[in-house]
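Reading the structure
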Amino acid sequence: GLNNYSRTIIEADSEGKPQNVTNGGPTTEMGWEIYPKGIYDVLTRLHREYGVQNLYVTENGGAFPDVLLHDGRVEDRDRIDYLHSYLGSVTDTDRIAYLDGHIAAVRSAAAAGVPVRGYFVWSLLDNFEWAYGYSRRFGLLYVDYSTLERVPKSSFYWYRDLIGAGQLPEPA
């Protein structure tokens, strides 16, 4: 099983000590770089270099600032996709997917011969996150922590429809 959320780039500083490097691109609320190609790279490497014959993506998702709206909806378009606003103008052609992009990258790995047997979004419900408690939301279902009411987010309906159609996004 593979849990994948982001990549980390490490390089040596002037004294030879390791340091994290960022590319300035979009990040999740956790500050993690959004980089769908990373999941493709890891899956293909596990198969190529270690001969893994059955791979499952057991966790993949992102924390975003989800808000319960007055009409009872949670529009979490950031979870489904994000904007390449740092490229300049923002148009529909600049829209790059988070979940959609990661799932497409998994599909590309499978098309390249990697034996991917399953993919699971993290997480079904908003839950306790080890470093940030209840302040970060990863779930497809919004949890009102004061009432424990669960509200399906727009990503829930998107993922449901994707599975129901029996289709995956085109390979990246």
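It should be noted that the structure appears before, not after, this text.
All of the points below concern the structure found in this document. Throughout this description, residue numbers start from 1 for each chain and increase along the sequence as written. It should be noted that, the model being predicted, local features are given only for residues of pLDDT at least 70 and side-chain atom pairs only at 80 or more, the latter also being counted only at that level, while totals for whole chains, interfaces and linings use all residues. With hydrogens and water set aside, each side-chain value is computed from the structure's full complement of heavy atoms.

A few points about the pattern of salt bridges
The cut-off we apply is this: Put simply, a salt bridge is a Lys or Arg side-chain nitrogen that is within 4 Å of an Asp or Glu carboxyl oxygen. Accessible area is worked out with a 1.4 Å probe on protein chains only. A residue is then buried under 20% of its type maximum, exposed over 50%, and partly exposed in between. The secondary structure listing takes helices from DSSP runs of H or I that are at least 4 residues long and strands from runs of E that are at least 2 residues long, numbered from the N terminus.
Under the definition given, this model contains 13 salt bridges. One salt bridge connects Glu15 with Lys17, and the closest N-O pair in it is separated by 3.6 Å. Classification of Glu15 as exposed rests on a relative accessible area of 61%. When its relative accessible area of 49% is taken as the criterion, Lys17 is described as partly exposed. With a closest N to O distance of 2.9 Å, Arg79 and Asp66 form a salt bridge. On the criterion of sequence distance, the pair formed by Arg79 in helix α2 (residues 77-80) and Asp66 in the loop between β4 (55-59) and α2 is long-range, its members being 13 residues apart. By the burial criterion, Arg79 is buried, and Asp66 matches it. Linked through salt bridges whose partners overlap, the residues forming this network are Asp66, Asp76, Arg79, Asp126, Arg137 and Lys153.

A look at the pairing of strand β2 (residues 9-12)
Regular strands have side chains that alternate between both faces of the sheet. Filter applied, for reference: A pair of strands counts as paired when DSSP detects no fewer than two bridges linking them.
In the sheet, β2 pairs with strand β3 (residues 18-21) via four bridges, with the strands oriented antiparallel. Pairing of Ile9 across the sheet is with Val21, part of β3. The antiparallel pairing of β2 with β3 creates a hairpin that spans five residues between the two strands, and Gly16 there sits at a positive phi of about 85 degrees.

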